[in-house]
Amino acid sequence: FLCRRMQRRHPFLTQSKHSGVSRRAVNNDHPHQHQTISTPPPKKSSKMKIIYWSQLLAMTVSTASAFTHPTSFVRSKAATTSSSLNAALEAILFDCDGVLADTERDGHRIAFNRAFANNGIDENWSEERYGVLLEVGGGKERMTAHWNEVGWPSVMPESPDERAAQVKKLHLEKTDIFMDLIDEGVIPLRPGVLRLVDEAIEAGVRLAVCSTSNDKAVSNLVSTLMGPERAAKFQIFAGDMVKAKKPAPDVYNMAVDEMELDKSRCVIVEDTHIGLSAAKAAGIKCCVTKSSYTGGEDFTGADLIVEELGDDKEGGVTAETLASLLG
């Protein structure tokens, strides 16, 4: 095939009586004979001949390589796609609870209730009550808001400072219980999370988790459910790293500043109206993936709203999908 292709491009290679080209192994009956046609070739300088044959040889090798190694075209296309994706999308900033895993109902709520029981507090948050309390960002803030509304338990101190200290202690215990639940495999990642993370890593897109949850709990969730290699690609911004929690944009602004990101090339993935408000206040594009508690919330202003990220790349949210939001 290559010979025929070269003959069409260079017909003098097939001329036997007028080319004057010296050819070796042309005659199949005498493969070792060297035949020279008597008609003299056009006069060319030795330097021109060397340049010409060098170019011809390079073209032949290149063409042969393309047909004998077709995967080279695939690799080139993939590399180009990754490069262009990275040029558009610099970073994906994930919320944790409800985005990476549906942790609220069967994780944090259970952990709160166990911490209450361990400390003699007659309190058990139902699924419905906890759904209402999710309108308050942060676990310590959530407990405080609840007891300010319904009355403080008798076992809690009277002094505001002592109450705050006890709430902090309760929250640390609750975090330990929550991490045990993660370690036990009770709470899986949501569909599509690993696929999207792997796409981002392959394309060189940077990753972070920005959450109101305790930073140790977030780090443990990422490491345990994604594995240490993926976890090493994430930067964690969580808990009390910022004074004002979502819907304030502080945690996202911190991520942008510390990672030295361009906001116009970032996309946030959230699951709540509070998180969306934080993203918009930060001036960053936001994709909302609804969770078990947030399906009925108002997500006006979101750049993309989906039920889930989706394990199927064809119908799910991809890195290219997020990059398209930046246009």
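Residues numbered from 1 in each chain as written. Predicted model: local features only at pLDDT ≥ 70, side-chain atom pairs only at ≥ 80, totals over all residues. Heavy atoms only, no water.

(A) Up close: the pairing of strand 3 (residues 91-94). Residues Ala91 and Leu93 point to one face of strand 3 and Ile92 and Phe94 to the other, with burial holding for every one of them. Sheet analysis places strand 3 next to strand 6 (residues 266-270), joined by 4 bridges and oriented parallel. Note that in strand 6 the partner of phenylalanine 94 across the bridge is valine 269. (Buried < 20%, exposed > 50% of the residue type's maximum accessible area, 1.4 Å probe, protein only. Helix = DSSP H or I, 4+ residues; strand = E, 2+ residues; numbered from the N terminus. Pairing = 2+ DSSP bridges.)

(B) Quick look at a negative patch on the surface. Together, Asp176, Asp180, Asp183 and Glu184 line one region of the surface with negative charge. Within the element layout of this structure, aspartate 183 appears in helix 7 (residues 160-183). (Patch = residues over 30% accessible without salt bridge, like charges linked within 9 Å, V, L, I, M, F, W, Y side chains within 5 Å. Areas by Shrake-Rupley, 256 points an atom, 1.4 Å probe, with all protein chains shown as cover. Salt bridge = Lys/Arg side-chain N within 4 Å of Asp/Glu carboxyl O. Lys, Arg positive; Asp, Glu negative; His and termini not counted. Charge placed at Lys NZ, Arg CZ, Asp CG, Glu CD.)

(C) Region of interest: the packing of helix 6 (residues 139-150) against helix 7. In the contact formed by helix 6 and helix 7, the axes pass within 9 Å of each other and the chain directions differ by 125°. As the angle between them shows, helix 6 and helix 7 are arranged oblique. Crossing geometry of helix 6 relative to helix 7 is assigned as right-handed. Across the interface between the two elements, Gly139, Lys140, Met143, Thr144 and Trp147 of helix 6 pack against Val167, Lys168, Leu170 and His171 of helix 7. Across the contact of helix 6 with helix 7, the residue classes tally to 4 nonpolar, 3 polar and 2 charged. (Axes fitted to C-alpha atoms, helices over the stretch in contact; angles between N-to-C directions. Parallel < 35°, antiparallel > 145°, perpendicular 65-115°, else oblique. Left-handed = near helix turned anticlockwise from the far one by under 90°. Contact = heavy atoms within 4.5 Å. Nonpolar A, V, L, I, M, F, W, Y, C, P; charged D, E, K, R; others polar.)

(D) Up close: helix 9 (residues 215-226). The terminal C-alpha atoms of helix 9, which comprises 12 residues, lie 16 Å apart, in line with the 16 Å expected from a rise of 1.5 Å per residue. Residues of helix 9 that are buried: Ala217, Val218, Asn220, Leu221, Val222, Leu225 and Met226. For helix 9, the elements touching its buried residues are helix 4 (103-118), helix 7, helix 8 (193-203), strand 4 (206-210), helix 10 (228-231) and strand 5 (234-237). Directly beyond the C-terminal end of helix 9, a positive phi value near 95° is found at glycine 227. (Expected span 1.5 Å × (residues − 1).)

Take it as geometry only, folks, not as evidence of what the structure does.
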